[in-house]
Amino acid sequence: DRDVTGVQTCALPISNAAILSAQDGSTEVLVVTADNVAHERKVQTGVKDGDNVQIVSGVSEGDSVVTVGGVGVQDGTKVKVQKPGAEDKGEAGEK
């Protein structure tokens, strides 16, 4: 057996733009469910690398995380997900 050091749990990289500051000072993201409802999810971040940051805990692979337009969206808000670069034709979300 060999001793190793520097082992790190695998983490998911996401855009820094997805990271929001909660009122209590914690870090969170908005996750959109299959029924297009945005939910606040507290996350623990890891290493930042350019425009991305590691998410160590709080989201799972396959979760849909809001990267643009999440500021001001309240937990439980119904949203309309648009493809990147789609022309904005009104409100991005519905209440």
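Residues numbered from 1 in each chain as written. Predicted model: local features only at pLDDT ≥ 70, side-chain atom pairs only at ≥ 80, totals over all residues. Heavy atoms only, no water.

Participant: Kindly report on the pattern of salt bridges, identifying the contributing residues and their values.
Facilitator: By the definition in use, this model includes two salt bridges. The residue Asp24 makes a salt bridge to Lys42 at a minimum N-O spacing of 3.3 Å. Linking Asp24 in the loop between strand 2 (20-21) and strand 3 (27-32) with Lys42 in strand 4 (residues 37-42), this pair joins segments that are 18 residues apart in sequence. According to the relative accessible area criterion, Lys42 is partly exposed, its value standing at 47%. Among the ionic pairs, Asp63 bridges to Arg41, the shortest N-O distance being 3.1 Å. Residue Asp63 is found in the loop between strand 6 (52-57) and strand 7 (64-65), and its partner Arg41 is found in strand 4; the two are separated by 22 residues along the sequence. Owing to a relative accessible area of 29%, Asp63 belongs among the partly exposed residues under this scheme. (Salt bridge = Lys/Arg side-chain N within 4 Å of Asp/Glu carboxyl O. Helix = DSSP H or I, 4+ residues; strand = E, 2+ residues; numbered from the N terminus. Buried < 20%, exposed > 50% of the residue type's maximum accessible area, 1.4 Å probe, protein only.)

Participant: Quick rundown of the side chain of Ser26? Include the residues and the values.
Facilitator: With respect to the element layout, Ser26 can be found in the loop between strand 2 and strand 3. There is a polar contact of 3.0 Å between the side chain of Ser26 and the side chain of Lys42. Excluding its chain neighbours within four sequence positions, the residues that come into contact with Ser26 are Leu20, Ser21 and Lys42. (Polar contact = N/O pair within 3.5 Å; in protein donor to acceptor, adjacent residues only side chain to side chain. Contact = heavy atoms within 4.5 Å.)

Participant: Please provide a residue-by-residue account of the sheet that holds strand 6, values included.
Facilitator: Pairing is antiparallel in the open sheet, where three strands are placed in the order 1-6-5. Of all strands in the sheet, those with a lone pairing partner are strand 1 (12-15) and strand 5 (44-49), marking the two edges. On average, adjacent strands in this sheet sit at an angle of 35 degrees to one another, irrespective of strand direction. Bridge count for strand 5 against strand 6 is four bridges, and the pairing is antiparallel. Following the sheet pairing, Lys48 is matched in strand 6 by Val53. (Pairing = 2+ DSSP bridges. Axes fitted to C-alpha atoms, helices over the stretch in contact; angles between N-to-C directions.)

Participant: Outline the side chain of Glu28, listing residues and values.
Facilitator: With respect to the helices, strands and loops of the structure, Glu28 is situated in strand 3. The contact partners of Glu28, leaving out residues within four places of it in the chain, are Ala18, Ile19, Leu20, Ala22, Glu40, Arg41, Lys42 and Val43.

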